[in-house]
Amino acid sequence: MRDKIELTGMVLSSMTVGDYDKRLVILTKERGKITAFAKGARKPNSPFLGISEPFNFGKFILLEGYDAYRLVGGDIKEYFLDVKNDIEGICYGTYFCDVLEYLTVEGVGDANILNLLYVTLKALKKQDIPNALIRRIFELKVLVYDGEALAAFSCVKCGKEKVTAFYVRGNGLVCEQCKTSDMIPLTETSVYTLQYIISTTLDRLYAFQLSDEVWCEVDKVIGRYFEQHVTKKFHSLEILSSLT
């Protein structure tokens, strides 16, 4: 008989299979992204009914198969009900989960990625900063953990430390001497904001707001940079765009 294993993670997506079952994609600390089937999860009296919803974070007890897992139990620590009860929150949360389902690899654990998702949903729940800013912070930070961090601490052309513009094709920032008219000029505060997002710890990631001027620059830079590195079109983002 196969042994049960316990993994810490969050449900990224949940899909109906047959009449009563669900197929879950769970991002776990120990084994990265996994696929798990929850038998009978759609039945009203199923013990998996409250476990198998997106955004649920906690412990999942599973039986390991050849190419998937079977859910046999769990202990949910955080349901993120405030996010689930807000239509815009659902759209943003689903988008974050979609991005991670696309970027993460099955079987490769990464606690940083899981923790990033957790603190991002916490930020949506608290609503201390605008959701649009939460999105851009998440997009830049997830590329850091994916090994594609924006080169923001020195000029990508000459190496000088003081940078003043975003060079789209160069995947980074440039100094005043290397700046050309086709690059995006940045204020000193915008440069610092980008550097802060890249380098700060997760517990301090969602701890600031921006002036309108700085937000416009940061929004443009992260949006262009993220689109360069993540070319997939997400349906959740299309729905979000229709709301805003």
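Residues numbered from 1 in each chain as written. Predicted model: local features only at pLDDT ≥ 70, side-chain atom pairs only at ≥ 80, totals over all residues. Heavy atoms only, no water.

1. Quick notes on the environment of K232
Thinking step 1. Checked against the element boundaries, K232 lands in the loop between α6 (212-229) and α7 (235-243).
Thinking step 2. Residues K232 and V105 lie 127 residues apart in sequence; the distance between their C-alpha atoms is 16 Å. (Helix = DSSP H or I, 4+ residues; strand = E, 2+ residues; numbered from the N terminus.)

2. Let's talk about the sheet that holds strand β7 (residues 172-174)
Thinking step 1. In spatial order, the strands read β7-β6-β8; together these three strands make up an open sheet with antiparallel pairing. Here the strands that pair on one side only, and so sit at the sheet edges, are β7 and β8 (184-185). (Pairing = 2+ DSSP bridges.)

3. Some words on the packing of helix α2 (residues 87-103) against helix α4 (residues 131-145)
Thinking step 1. Orientation of α2 relative to α4, taken along the N-to-C sense of each, is 10 degrees, at an axis distance of 11 Å. One finds that α2 runs roughly parallel with respect to α4. Contacts from E88, Y92, Y95, F96, V99, L100 and L103 of α2 reach α4 at N131, A132, I134, R135, F138, E139 and V142.
Thinking step 2. Grouping the amino acids of the contact of α2 with α4 by side-chain chemistry returns ten nonpolar, one polar and three charged. (Axes fitted to C-alpha atoms, helices over the stretch in contact; angles between N-to-C directions. Parallel < 35°, antiparallel > 145°, perpendicular 65-115°, else oblique. Contact = heavy atoms within 4.5 Å. Nonpolar A, V, L, I, M, F, W, Y, C, P; charged D, E, K, R; others polar.)

4. A look at the side chain of T28
Thinking step 1. Looking at the element boundaries, T28 is found in strand β2 (residues 21-28).
Thinking step 2. By relative accessible area, T28 is classed as buried at 1%.
Thinking step 3. A polar atom in the side chain of T28 sits 3.0 Å from the backbone nitrogen of R31.
Thinking step 4. Among the polar contacts listed, one links the side chain of T28 to the backbone oxygen of G32, at a separation of 2.8 Å.
Thinking step 5. When neighbours within four sequence positions are excluded, T28 is seen to be in contact with L7, T8, G9, I34, G109, D110 and L114. (Buried < 20%, exposed > 50% of the residue type's maximum accessible area, 1.4 Å probe, protein only. Polar contact = N/O pair within 3.5 Å; in protein donor to acceptor, adjacent residues only side chain to side chain.)

5. Thoughts on the side chain of N56
Thinking step 1. For N56, the location among the structural elements is in the loop between β3 (32-38) and β4 (57-64).
Thinking step 2. A distance of 2.6 Å separates the side chain of N56 from the side chain of K84, its partner in a polar contact.
Thinking step 3. If we skip the residues at most four places from it in the chain, N56 touches G9, M10, V11, G50, I51, I76, E78, Y79 and K84.

6. With respect to the packing of aromatic side chains
When we look at a pair of aromatic rings, we describe it by the centre distance and by the angle of the planes.
Thinking step 1. One pass over the structure, following the stated rule, counts nine aromatic pairs.
Thinking step 2. Considering the side-chain rings of F80 and Y118, the 5.6 Å spacing of their centres and the 75 degrees angle between planes classify their relative orientation as edge-to-face. A residue pair is termed long-range when its members are at least 10 positions apart, and F80 in the loop between β5 (69-78) and α1 (81-84) and Y118 in helix α3 (residues 111-126) qualify at 38 residues.
Thinking step 3. Relative accessible area serves as the criterion here: at 0%, F80 is assigned to the buried category.
Thinking step 4. Residue classification places Y118 among the partly exposed residues on the basis of a relative accessible area of 24%.
Thinking step 5. On the basis of an interplanar angle of 85 degrees and a centroid distance of 6.0 Å, the ring pair of Y102 and F234 is categorised as edge-to-face. (Phe/Tyr/Trp six-rings, centres within 6.5 Å; stacked < 30°, edge-to-face > 60°.)

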